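# Secondary and tertiary structure notes
Okay, here's what each chain looks like letter by letter:
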Amino acid sequence: ATEEAEEQQISLRRDAWKRLKEADGVVIPGGFGQRALEGMINAINYSRTTKKPFLGVCLGMQLAVIEYARSVLGRKHAGSTEFDKHLTQEEQVVIFMPEGDAKKMGGTMRLGVRKTKLRKDSIMQNLYGAKVIEERH
């Protein structure tokens with residue numbers, strides 16, 4: 001990249017950050033692929049830490065989980081197996097659902113509830129008071 005192109009990118013990021021700070025709230029919609037994930041995670045962090053209203057839809061909610069795991073829980077490399085299949089168990093805070101198809105995106109979303117087995121003595125098991133729950137995640 002040329003120096004001029006790099007300066008343009010810096011200017012675009014600065015303008016985007018300014019617009020983010022001026023917004024009344026932040027919506028991170030669904031999407032596919034890895035483009036701009038870290039920028040969206042930065043926007044989510046800004047929303048959470050400044051208490052700016054935030055709505056994460058699909059990928060946006062997944063990124064909110066990743067941001068929280070990194071920033072609040074201290075899991076610096078937290079991520080999704082959809083984007084990194086080599087994450088350790090501790091780093092996996094979002095998993096790619098087994099019925100999904102990473103090669104055929106769009107129109108393949110799972111609808112309805114899913115049976116989820118909760119880890120014994122986990123916070124979630126204690127909150128739900130059950131070993132297995134059925135919810136739409």
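This report concerns the structure included in the present document. From a predicted model like this one, the values you see are computed outputs, not experimental measurements. (Residues numbered from 1 in each chain as written. Predicted model: local features only at pLDDT ≥ 70, side-chain atom pairs only at ≥ 80, totals over all residues. Heavy atoms only, no water.)

Now for the overall build of the protein chain. Across its full length, the protein chain holds four helices and six strands. Walking the protein chain from its N terminus toward its C terminus, one meets helices and strands in the order α-β-α-β-α-β-β-β-α-β. In the protein chain, buried positions account for 23% of the 137 residues. Nonlocal contacts in the protein chain, meaning residues at least 24 apart in sequence, comprise 40% of its contacts between residues at least 6 apart. Of the roughly 10300 Å² of accessible surface on the protein chain, 54% is carried by carbon and sulfur atoms. (Helix = DSSP H or I, 4+ residues; strand = E, 2+ residues; numbered from the N terminus. Buried < 20%, exposed > 50% of the residue type's maximum accessible area, 1.4 Å probe, protein only. Contact = heavy atoms within 4.5 Å. Areas by Shrake-Rupley, 256 points an atom, 1.4 Å probe, with all protein chains shown as cover.)

Attention now moves to helix H2 (residues 37-50). The first and last C-alpha atoms of H2 sit 20 Å apart over 14 residues, in line with the 20 Å expected at 1.5 Å per residue. Listed as buried for H2 are Leu37, Met40, Ile41, Ala43, Ile44, Tyr46 and Ser47. Turning to H2, the residues buried within the fold contact helix H1 (3-22), strand S1 (26-28), strand S2 (54-56) and helix H3 (59-71). (Expected span 1.5 Å × (residues − 1).)

Let us look at H3. The end-to-end C-alpha distance of H3 is 18 Å, a good match for the 18 Å that 13 residues give at a rise of 1.5 Å each. For H3, the full list of buried residues reads Leu59, Gly60, Leu63, Ala64, Ile66, Glu67 and Ala69. Residues of H3 that are buried in the fold lie against S1, H2, S2, strand S3 (79-80) and strand S4 (92-94).

In this section: unusual backbone geometry. One non-glycine residue, Cys58, lies in positive phi territory at about 55°. Mapped onto the secondary structure, Cys58 falls in the loop between S2 and H3. Positive phi outside glycine occurs at Asp121, with the angle close to 65°. Tracing the backbone through its elements, the reader meets Asp121 in the loop between strand S5 (114-117) and helix H4 (123-128).

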